[in-house]
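Commentary on secondary and tertiary structure
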Amino acid sequence: MKELGHVHGLDATHGRIYAATHHGVWAIDAAKLGDGFATETTARVGNSSQDTMGFTIARSGVMFASGHPDPGNNPQRLPANLGLIQSLDGAQTWKPVSLAGDMDFHDLVTATTRDARVRIYGYDAGQQRVRISDDGGHTWHDGATLSLRKLTVDPNAPDTLLATTQSGVQISRDAGMTFSALPGGPILYLVAPVDAVAGAFIGIDVNKKIWATTDDGSSWAQKGTFDSLPESLATVQGTSKLWILGADARGIVATADHGATWVTLIAGTP
């Protein structure tokens, strides 16, 4: 796993699992999972080795990312902050969309609006501000200002977001314009949506425990644990099971029973 560097994000589309890393976007061999996932050689996709900070895959399969170019592999002389970039071919190639030179989104999430537009939420860590685009990233407006670790959206309710903060999970029901605390819940480090179920999220607290909610975080049920605090988290739906993915000290790992048992897809720490 040393070749990947830090894993900033995990996501999946059409049976393929991807890791956004310090050294580009990698396709992950998921043969050990079965369950409809692709069997392939784990390898970086395409020739781009940018430091991919924010990363998200829309339901259409279009990928969006942000970060920094690899200074040793930057033939296009891209600026230090990539702004928003997109790939229409599964990370083989990338092209700028907006904010090149101006923005380094540390988090990106997407949802489809009721009128079928691609909404993108980006977290500007420098200004501690949520930014929102309703046209696939071409134009943006400012949302709430808050210090957060992880931002996520309910893909079935595109106005609803959860954010993990040092004081607890906060929720927005107005498309990122305001956030309010969800009292009484665990102090989560990371959170990820369950795409197929409205209001469902998986979270990891600072003690490595896995939590689940089906009501937008109003109540949480404790499940199993990770071996160590993961640096990224996602859920992916297989043919018959929902899998939780994480990148922790073991490597990139997966569980279909909330942490009772684990499958290691890539062993080793960055």
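Quick notes on the rules
- Per chain, residue numbering runs from 1 following the sequence as it is written.
- Side-chain atom pairs in this predicted model are given and counted only at pLDDT of 80 or more, local residue features only at pLDDT of at least 70, and totals for whole chains, interfaces and linings cover all residues.
- By convention in this description, side-chain values take in all heavy atoms of the structure and omit both hydrogens and water.
- Strands are runs of DSSP state E lasting at least 2 residues, helices are runs of H or I lasting at least 4, and numbering of each runs from the N terminus.
- Atoms counted for the radius of gyration: C-alpha only. Globule rule: 2.2 Å times the number of residues to the power 0.38.
- Exposure categories follow from relative accessible area, calculated using a 1.4 Å probe and restricted to protein chains: below 20% of the type maximum is buried, above 50% is exposed, and the middle band is partly exposed.
- Residues are treated as being in contact if the distance between any of their heavy atoms lies within 4.5 Å.
- Charge assignment: positive for Lys and Arg, negative for Asp and Glu; neither His nor the chain ends contribute.
- The location of each charge is read from NZ of Lys, CZ of Arg, CG of Asp or CD of Glu.
- Definition of nonpolar core: a set of buried residues of the types Ala, Val, Leu, Ile, Met, Phe, Trp, Tyr and Cys, connected through side-chain atoms within 4.5 Å.
- Side-chain rings of Phe, Tyr and Trp (the six-membered ring for Trp) are treated as a pair once their centres are within 6.5 Å; stacked means planes under 30 degrees apart, edge-to-face means over 60, and tilted covers the remaining angles.
- Residues are called lining when one of their atoms sits within 4 Å of a cavity or pocket point, these points coming from a 1 Å grid over the protein atoms alone, where a cavity is a set in which a 1.4 Å probe fits but cannot get out and a pocket is an open set with protein on both sides within 12 Å along at least five of seven lines.
- Grid points are joined across faces, edges and corners, and a volume is the space filled by probe spheres set on the points.
- Each residue is assigned to one of three groups, with Ala, Val, Leu, Ile, Met, Phe, Trp, Tyr, Cys and Pro labelled nonpolar, Asp, Glu, Lys and Arg labelled charged, and all others, Gly among them, labelled polar.
- Just to be clear on terms, a salt bridge is a Lys or Arg side-chain nitrogen sitting within 4 Å of an Asp or Glu carboxyl oxygen.
- Think of it this way: DSSP has to see at least two bridges between two strands before they count as a pair.
- A 3.5 Å cut-off defines polar contacts: any pair of N or O atoms within that distance qualifies, except that in protein one atom must be a possible hydrogen donor and the other a possible acceptor, and neighbouring residues in sequence count only when both atoms are side-chain atoms.

**With respect to the overall build of the protein chain**
- When its secondary structure is counted, the protein chain shows zero helices and 24 strands.
- Relative to the globule expectation of 18 Å for 270 residues, the C-alpha radius of gyration of the protein chain, 17 Å, shows essentially globular dimensions.
- Principal-axis analysis of the C-alpha atoms gives the protein chain an extent of 50 × 40 × 30 Å.
- The proportion of buried residues among the 270 residues of the protein chain is 55%.
- If you take every contact in the protein chain between residues at least 6 apart in sequence, the share linking residues at least 24 apart comes to 41%.
- Computed over 20 positive and 27 negative side-chain charges, the separation of the two mean positions in the protein chain equals 2 Å.

**Overview of the nonpolar core**
- Leu4, Ile17, Ile28, Leu33 and Ile252 are the most contacted members of the largest nonpolar core, which totals 19 residues.
- In terms of residue count, the dominant contributor to this core is strand 22 (residues 242-248) (three residues).

**Looking at the packing of aromatic side chains**
- A full pass over the atoms with the stated rule returns two aromatic pairs.
- Centroid distance Phe226 to Trp262: 4.6 Å. Interplanar angle 55 degrees. Geometry classified as tilted. Of the two residues, Phe226 sits in the loop between strand 20 (221-225) and strand 21 (232-237) while Trp262 sits in the loop between strand 23 (251-255) and strand 24 (263-267), which places them 36 residues apart along the sequence.
- Its relative accessible area of 2% is what places Phe226 among the buried residues.

**Here's the deal with the layout of surface pockets**
- Looking at the second largest pocket, its volume works out to about 340 Å³.
- Taken together, the residues of the lining of the second largest pocket break down into seven nonpolar, nine polar and two charged.

**Here's the deal with the pattern of salt bridges**
- Under the defined criterion, the tally for this structure stands at ten salt bridges.
- Between Arg250 and Asp248 there is a salt bridge, with the nearest N and O atoms lying 2.7 Å from each other. The burial state of Arg250 is the same as that of Asp248; both residues are buried.
- Connected through salt bridges with shared partners, the residues Arg119, Asp134 and Asp159 form a single ionic network.

**Comments concerning the pairing of strand 5 (residues 51-57)**
- Taken across its seven residues, strand 5 has seven buried, putting it largely inside the fold.
- Alignment of strand 5 against strand 6 (residues 63-68), held across five bridges, turns out to be antiparallel. The residue bridging Thr56 from the neighbouring strand is Phe64, located in strand 6.
- Hairpin connection between strand 5 and strand 6: a loop of five residues separates the two successive antiparallel strands, and Gly61 in this loop has a positive phi of roughly 100 degrees.

**Some points on the pairing of strand 21**
- Of all six residues making up strand 21, five are buried, and the element is well covered by its neighbours.
- Relative to strand 22, strand 21 runs antiparallel, the two being bridged by six bridges. What sits directly across from Ala234, in strand 22, is Leu245.
- Joining the antiparallel neighbours strand 21 and strand 22 is a turn of four residues.

**Quick notes on the side chain of Asp205**
- Counting through the fold element by element, Asp205 comes out in strand 18 (residues 201-205).
- Within the buried set, Asp205 has no salt-bridge partner at all; the shortest N-O distance to an opposite charge, 5.2 Å, is to Lys209.
- For Asp205, the side chain forms a polar contact with the main-chain nitrogen of Asn207, separated by 2.8 Å.
- At a separation of 2.9 Å, a polar atom in the side chain of Asp205 contacts the side chain of Trp211.
- Setting aside anything within four residues of it in sequence, one finds Asp205 in contact with Ile187, Leu188, Tyr189, Trp211 and Leu229.

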